[in-house]
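# Structural overview
Below, each chain spelled out in residue letters.
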Amino acid sequence: MSGKRTVLVSGGAGYIGSHTAVELINAGYNVVIIDNLSNSESDSVTGVEQITGKKVDFEVVDTCNTERLKQVFDRYEFDSVIHFAAYKAVGESMAEPLKYYQNNLVSFMNIVSLMKEYGRPNILFSSSATVYGDAEHLPVTEDTPRQPATSPYGNTKQIAEDILRDCCRAYAGVNGIALRYFNPIGAHPSALIGELPRGVPNNLVPFITQTAAGIRECLSVFGNDYDTPDGTCLRDYIDVVDLAKAHVAAVDRMTAGKMEENYEIFNIGTGRPVSVLELLTTFEKVNDLKLPYRMTDRRPGDVPAVWAETSRANEVLGWKAEKTLEETLRSAWEWEKKVRNIK
Ligand code: UD1
């Protein structure tokens, strides 16, 4: 089997990783999933297999463990890696910065070093719109200056981008793409895979679906006095299946040798700002239910508004977000109902 059509997906049992594995397989790639299951379940790999009808190579591996990771490189031939494996809770990263720097950076450096050592060229990194912080001009383009990170989590994204850029510059045969995700939401339409946060969700949509399911009493809308049309924050919510397809487009570009420079960055969003209130009323409407919610103080660290200028991804990757907010919010609820056994 040629390595060109095989992709190593680290963190492939996670939310975005599992959806990406599905789309890679649908596009004809073989995937090798590694995951330490620290914030995911092996059920999602079963879900990937059920959706695609294909058996997936899956190993429980911590990407911080260099020896274990080497065994994966020895065992499988692949030309590309998509590195999702990372911790992602902003608040926790403030309380436990070392945990974040240790895990997110060591694992990434292990991946990059072994890709270089084994002559495997293509590295795709999961970055985040968080690197833009409170941007001066909206929508943000890939050239909008990054703001100093306000959390260790955000800092690991910036540092990892820099590591990748520097390695692509220094080492011939190392190519990198960083995808800066906006706010990923929703689930696969089959409801076989989706987001499964442990404990109280930090992010808006899982909190909404858990409130609708009766697990949380009431949704807090963090601030309605922002300088935005309805006073609540604006974000760019991207459907997770659309986001997964952006990874396929990026891998296609790398494996086809089409990159213009050997390090490239793309914003992956819809280009449409949506307020917290619009999101929650759309959720109520499409799913025909009422959500208990109240206005509360702003959440420290939240930026008032951020959304993507997506023309680079549209034109260069040939990728565009296709799902409507309505479809996505329906899929989010279908998934929550499935997980909670709600008819
Ligand atoms: C958050 C992280 C960001 C990370 C991203 C990953 C913070 C400050 N930012 O982005 O670094 O990359 O998740 O997905 O944590 N909201 C409520 N009530 C809630 C939850 C959220 O009103 O219970 C509002 C927030 O104020 C925000 C919007 O919903 O305006 C989206 O919040 P969230 O889903 O947490 O995403 P971000 O804050 O954009």
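In case you missed it, the structure is sitting above this.
Structural notes, computed from the coordinates. (Residues numbered from 1 in each chain as written. Predicted model: local features only at pLDDT ≥ 70, side-chain atom pairs only at ≥ 80, totals over all residues. Heavy atoms only, no water.)

## A look at the site of the ligand
Here is the rule we go by: Throughout, near means a residue has at least one heavy atom within 4 Å of the molecule or strand. N or O atoms within 3.5 Å of each other form a polar contact, as long as, within protein, one can give a hydrogen and the other can take it, and as long as residues adjacent in sequence are counted only when both atoms are side-chain atoms. The method behind every accessible area is Shrake-Rupley, applied with a 1.4 Å probe, and residues are considered shielded solely by the protein chains displayed. Where helices and strands are cited, they refer to DSSP runs of H or I of at least four residues and of E of at least two residues respectively, numbered from the N terminus.
Within the structure, the ligand sits among 18 residues, and Leu-204, Ser-220, Arg-235, Arg-299 and Asp-302 are positioned closest to it. Between the ligand and Phe-222 there is a distance of 2.9 Å, counted from an oxygen atom to a backbone nitrogen or oxygen. At a separation of 2.6 Å, an oxygen atom of the ligand approaches a polar side-chain atom of Asp-302. Starting from 730 Å² of accessible surface for the ligand in isolation, the protein chains cover 86%. Broken down by element, the residue count for the shell around the ligand peaks at 4 residues, all from strand β8 (residues 219-222).

## Quick word on helix α11 (residues 325-340)
Selection rule: Under the convention used throughout, the expected extent of a helix is 1.5 Å for every residue step, that is, one less than its residue count. By definition, residues are in contact when any of their heavy atoms lie within 4.5 Å.
Its 16 residues give α11 an end-to-end C-alpha distance of 23 Å, which sits within 8% of 22 Å, the value for a rise of 1.5 Å per residue. Where the residues of α11 are buried, they touch β7 (183-185), α7 (204-212), β10 (237-239), β12 (274-275) and α9 (276-287). Asn-341 sits one or two residues past α11 and shows a positive phi near 60°.

## Details of the packing of aromatic side chains
Definition in use: Aromatic rings from Phe, Tyr and Trp, taking only the six-membered ring of Trp, are treated as a pair when their centres fall within 6.5 Å; an angle between ring planes under 30 degrees marks them as stacked, one over 60 as edge-to-face, and anything in between as tilted. Exposed residues in this analysis have more than 50% of their type's maximum accessible area, buried residues have under 20%, and partly exposed residues fall in between, with area computed by a 1.4 Å probe over protein chains only.
By the definition in use, this model includes 6 aromatic pairs. Their ring planes at 45° and their centres at 4.8 Å tell us that Phe-108 and Phe-125 sit as a pair that is tilted. Residue Phe-108 is found in helix α5 (residues 97-117), and its partner Phe-125 is found in strand β5 (residues 122-128); the two are separated by 17 residues along the sequence. The pair Phe-108 / Phe-125 is uniform in exposure class, with both members buried.

## Thoughts on the pattern of salt bridges
Pairing between side chains of opposite charge can happen when the charged atoms of each approach one another. Here is the rule: Basic side-chain nitrogens of Lys or Arg form a salt bridge, by our definition, when they fall within 4 Å of a carboxyl oxygen of Asp or Glu.
In this structure the tally under the stated criterion is 21 salt bridges. Between Arg-198 and Glu-41 there is a salt bridge, with its nearest N and O atoms 3.1 Å apart. On the criterion of sequence distance, the pair formed by Arg-198 in the loop between β7 and α7 and Glu-41 in the loop between β2 (30-35) and α2 (43-52) is long-range, its members being 157 residues apart. With a relative accessible area of 35%, Glu-41 lands in the partly exposed category. In this structure, Arg-146 and Glu-161 form a salt bridge, with 3.0 Å as the shortest nitrogen-oxygen distance. Placement of Arg-146 in the loop between β5 and α6 (152-170) and of Glu-161 in helix α6 is noted, with a sequence separation of 15 residues between them.

## Things to note about the packing of α9 against α11
Definition in use: What counts as an axis is a line fitted to C-alpha atoms, over the stretch in contact for a helix, and the angles between N-to-C directions run from 0 to 180 degrees. The cut-offs work like this: below 35 degrees is roughly parallel, past 145 is roughly antiparallel, 65 to 115 is roughly perpendicular, and the gaps in between are oblique.
Between α9 and α11, whose axes approach to 9 Å, the crossing angle comes to 70°. The orientation of α9 with respect to α11, classified from their angle, is roughly perpendicular. Here Glu-278, Leu-279, Thr-282, Phe-283, Val-286 and Asn-287 of α9 lie close against α11, whose contacting residues are Leu-325, Glu-326, Leu-329, Arg-330 and Trp-333.

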